[in-house]
Amino acid sequence: KEARAALAINPSAAQGYLVLAESQLGQGQIEKAAEGYHQLEKFGPLGVSTATAGLGDLAAYQGKYAEAARILEQGATADVAGKMADSAASKYAALGNIEQMQGHQAAALAAIGKALANSQSTQIKFLAASSYVDAGDLAKAQKLAASLSSELTSEPQAYGKIIEGLMALKRKEAKEAVKQITAANNLLDTWIGRFELGRAYLEAGMFTEADSEFDQCAKRRGEAIELFMDNVPSYAYFPSVYYYQGRVREGMKSEGFADFYKTYLSIRGQSSEDPLVPEIRRRIGQ
């Protein structure tokens, strides 16, 4: 609500800049996307907040995690001061994901705690629960999953089932994870649901099925730009699709599997902060 209100000063112009920036990002035009996000800074404090979310996501997309964390931390602090709790929560959730990708568990959990303190929205509960699963705190993840599943509409119910699947995956119960996430996708077909189902299939050794899910993620890449359709950019999630496509094709012993890894490196290969970069280089013999 706050993000959309941010554009109310001149909605058509501001929305146009946001749509343009996200479109350019989807086409790999990083510098132009950044310019588009900066244009939003003209539209008052809420416009600045939306721009900050975009610039933080853009830095994370490139694997510039320290820069992304700085942008999001500062933006969330400004949001809290400006009494924009939902905007602050989304930035803290994004910050938690960035810290998690680097293996910084304590920092990730601290950010997630701040996200939940500012908002109990469906998307924040889901993102927080995902981070709790990654950190191994399944009790907190289970509590949030139960809360989501108890809602009356299909969207939170689907996210609750995805969390149940991720917890099963954490327990090395890949087939149960496939079952839960498939049920979630039958309730609501989401990009993140397809992505997590692909990971579950991969862990189950079901390479053909995993390949199909990640192929869908690649074809539906536009949905990853805003996972929740709330004017909060989330494209930092997308490059991992290439990593997992490489993993699947490598598992299938397919020729050309390295091409997917190289595509990942074309986005984040200059990053010294991304733990996947050295792993990928080892896999392709660089």
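Residues numbered from 1 in each chain as written. Predicted model: local features only at pLDDT ≥ 70, side-chain atom pairs only at ≥ 80, totals over all residues. Heavy atoms only, no water.

### Let's talk about the environment of Glu41
Examined against the element boundaries, Glu41 turns out to sit in the loop between α3 (30-39) and α4 (44-61). Overall, Glu41 belongs to the partly exposed group, its relative accessible area being 36%. Discounting residues that sit within four places of it in the chain, Glu41 has contacts with Gly47, Val48, Ala51 and Leu55. (Helix = DSSP H or I, 4+ residues; strand = E, 2+ residues; numbered from the N terminus. Buried < 20%, exposed > 50% of the residue type's maximum accessible area, 1.4 Å probe, protein only. Contact = heavy atoms within 4.5 Å.)

### Concerning empty space enclosed by the protein
Inspection of every chain in the model, using the stated rule, returns 1 cavity of 30 Å³ or more. Lining the largest cavity are 22 residues, with Ser90, Ala94, Val232, Pro233 and Ser234 positioned closest to its centre. Among the elements of the structure, α4, α6 (85-101) and α8 (122-135) are those that each provide at least two residues to the lining of the largest cavity. (1 Å grid on protein atoms, 1.4 Å probe; cavity = no way out; pocket = protein on both sides within 12 Å on 5 of 7 lines; lining within 4 Å. Points joined across faces, edges and corners; volume = space filled by probe spheres on them.)

### A look at the nonpolar core
Counting residues in hydrophobic clusters, the biggest one holds 86 residues, and the most contacted among them are Phe126, Ile163, Trp191, Ile192, Phe195, Tyr264 and Ile280. At 8 residues, helix α10 (residues 154-170) tops the list of elements feeding residues into this core. In this structure, Phe195 is in contact with Phe214, Cys217, Ser240, Val241 and Tyr244, ignoring residues within four places of it in sequence. (Core = buried A, V, L, I, M, F, W, Y, C linked by side-chain atoms within 4.5 Å.)

### Digging into the layout of surface pockets
Looking at the largest pocket, its volume works out to about 1,100 Å³. In terms of lining, the largest pocket is formed by 36 residues, of which the most central are Gln100, Met101, Asp134, Arg199 and Tyr244. Of all the secondary structure elements, the ones that give two or more residues to the lining of the largest pocket are α6, α7 (105-118), α8, α10, α12 (191-203), α15 (240-251) and α16 (257-268). For the lining of the largest pocket, the element with the most residues is α8, which contributes 6 residues. The residue inventory of the lining of the largest pocket, partitioned by class, reads 20 nonpolar, 7 polar and 9 charged. (Nonpolar A, V, L, I, M, F, W, Y, C, P; charged D, E, K, R; others polar.)

### Focus: the environment of Lys64
If you trace the backbone, Lys64 turns up in the loop between α4 and α5 (65-81). Among the residues examined, Lys64 registers a relative accessible area of 38% and is labelled partly exposed. C-alpha of Lys64 to C-alpha of Arg268: the two residues are 204 residues apart in sequence and 8.1 Å apart in space. Setting aside residues no more than four positions away along its own chain, Lys64 makes contact with Ala59 and Glu273.

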